[in-house]
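Structural description and commentary
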Amino acid sequence: MNKLKGVFAALLIPYDKDGKVNHEKLEKFVEYNIEVSGVQGLYINGSTGEAFMLDSEERKEILKTVAKAAKGRVSLIAQVGQLNIYKALEEAKLAEELGYDAISAVTPFYYKFSEEQILEYYKTIAESTSLPLIAYYIPLLSNVTFSMATFEKLFKIKNVAGVKFTATDLYTLERIKAKHPEVLVYYGFDEQELSAAVYGIDGFIGSTFNVNAKRAVKLHELVQAGKLKEARELQAEINDFIDVVLANGLYAILKEIIRQEFDMETVYCRLPMTQDISKYADEAKKIRDKYLK
Ligand code: NGF
């Protein structure tokens, strides 16, 4: 099986109250993802990792700890995209040295970059290593949207191997996969895995897979086997779980679920996210008992 296909958790990061990454707990988070949740890969320093609030040194240390903790058991994709492209290049090179399987880069955001500038950004990052690059497309958070013509140009860039498509526009998703079967396409909304899977996409990258990946792997297999009724029932089961997760602060409740597994001291989110997640303790316990046992 292609190492880059399958279900990847967008890795959660445990922070301390002062906002520092807790590397000891991070190793446990990696362990939980692999041994309990059942991920096939990890996507590091994405939105779920709160990475756009980190500086580059912190992101590099995370890449190192995850590589050490994963011990080659699952595929690793390093999200290196950021507005400081020089730091993105350093992180990409580090990912290659550490044995990562691919790099990824969010579309440059905040300034209204032109299509030409965005493509140049991807070309510069893609050329900096020999690793495949997965573009991270998330218009909901980046406010950057691509036309099909822009995707076409993007896929022509050397080393650009795929796209992590986190948008509800399934028409464009279908067009990408149908016209570019050679491009690796990942879908990024866990609650719509089934709808994306029917287009034959290659993988999924999402936050809830940190704790509930086995069901997502099974759902992908059911769709590939054409068992759509069972897949639909499983998506409903997954979405009952996602409903309660979304009602409880998403990253916070997911972190609390992992914290409880190892009975670790409190973990935090990174400011300006609401830091304190301890209020979710009771709900996390109920969710673990009801959906994850
Ligand atoms: O958290 C978001 C915000 N999206 C994630 C995922 O696309 C983020 C998604 O799993 C990601 O991959 C990353 O961290 O880089 C949702 O949390 C999930 O579907 C629940 O809505 O859009």
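Basis of the calculations
- Residues numbered from 1 in each chain as written.
- Predicted model: local features only at pLDDT ≥ 70, side-chain atom pairs only at ≥ 80, totals over all residues.
- Heavy atoms only, no water.
- UniProt positions renumbered as here; feature names shortened; annotations may be inferred.
- 1 Å grid on protein atoms, 1.4 Å probe; cavity = no way out; pocket = protein on both sides within 12 Å on 5 of 7 lines; lining within 4 Å.
- Helix = DSSP H or I, 4+ residues; strand = E, 2+ residues; numbered from the N terminus.
- Near = heavy atom within 4 Å.
- Polar contact = N/O pair within 3.5 Å; in protein donor to acceptor, adjacent residues only side chain to side chain.
- Areas by Shrake-Rupley, 256 points an atom, 1.4 Å probe, with all protein chains shown as cover.
- Sits in = over half its atoms within 2 Å of the grid points.
- Nonpolar A, V, L, I, M, F, W, Y, C, P; charged D, E, K, R; others polar.
- Points joined across faces, edges and corners; volume = space filled by probe spheres on them.

**Here's the deal with the UniProt feature "binding site: pyruvate" (unreviewed entry) in the chain**
Taking the numbering used here, the UniProt-annotated feature "binding site: pyruvate" (unreviewed entry) corresponds to Thr 48 and Ile 205. Maximum C-alpha separation among the annotated residues is 10.4 Å over a sequence range of 158 residues, consistent with a single clustered spot. Of the residues named above, Thr 48 and Ile 205 line the largest pocket. Mapped onto the secondary structure, Thr 48 falls in the loop between β2 (41-44) and α2 (56-70).

**Description of the site of the ligand**
Neighbouring residues of the ligand: 21 residues in total, closest Thr 48, Lys 164, Gly 188, Glu 191 and Ser 207. The backbone of Thr 48 places a nitrogen or oxygen atom 2.6 Å from an oxygen atom of the ligand. Here an oxygen atom of the ligand and a side-chain polar atom of Asp 190 are 2.7 Å apart. Isolated, the ligand exposes 500 Å² of accessible area, and the fraction of that covered by the protein chains is 94%. Counting atoms within 2 Å of the grid points, the majority share of the ligand lands in the largest pocket. Put simply, the parts of the chain that give the shell around the ligand at least two residues each are α5 (139-142) and β8 (203-206). Across the shell around the ligand, the residue classes break down as 11 nonpolar, 7 polar and 3 charged.

**So, the layout of surface pockets**
Empty space within the largest pocket amounts to approximately 330 Å³. If you go around the largest pocket, you meet 22 residues; those closest to its centre are Gly 188, Phe 189, Ser 207, Leu 250 and Tyr 251. Broken down by secondary-structure element, the contributors of at least two residues to the lining of the largest pocket are α5, β8 and α10 (228-246). Taken together, the residues that form the lining of the largest pocket break down as 12 nonpolar, 7 polar and 3 charged. Computed from the structure, the second largest pocket encloses a volume of approximately 260 Å³.

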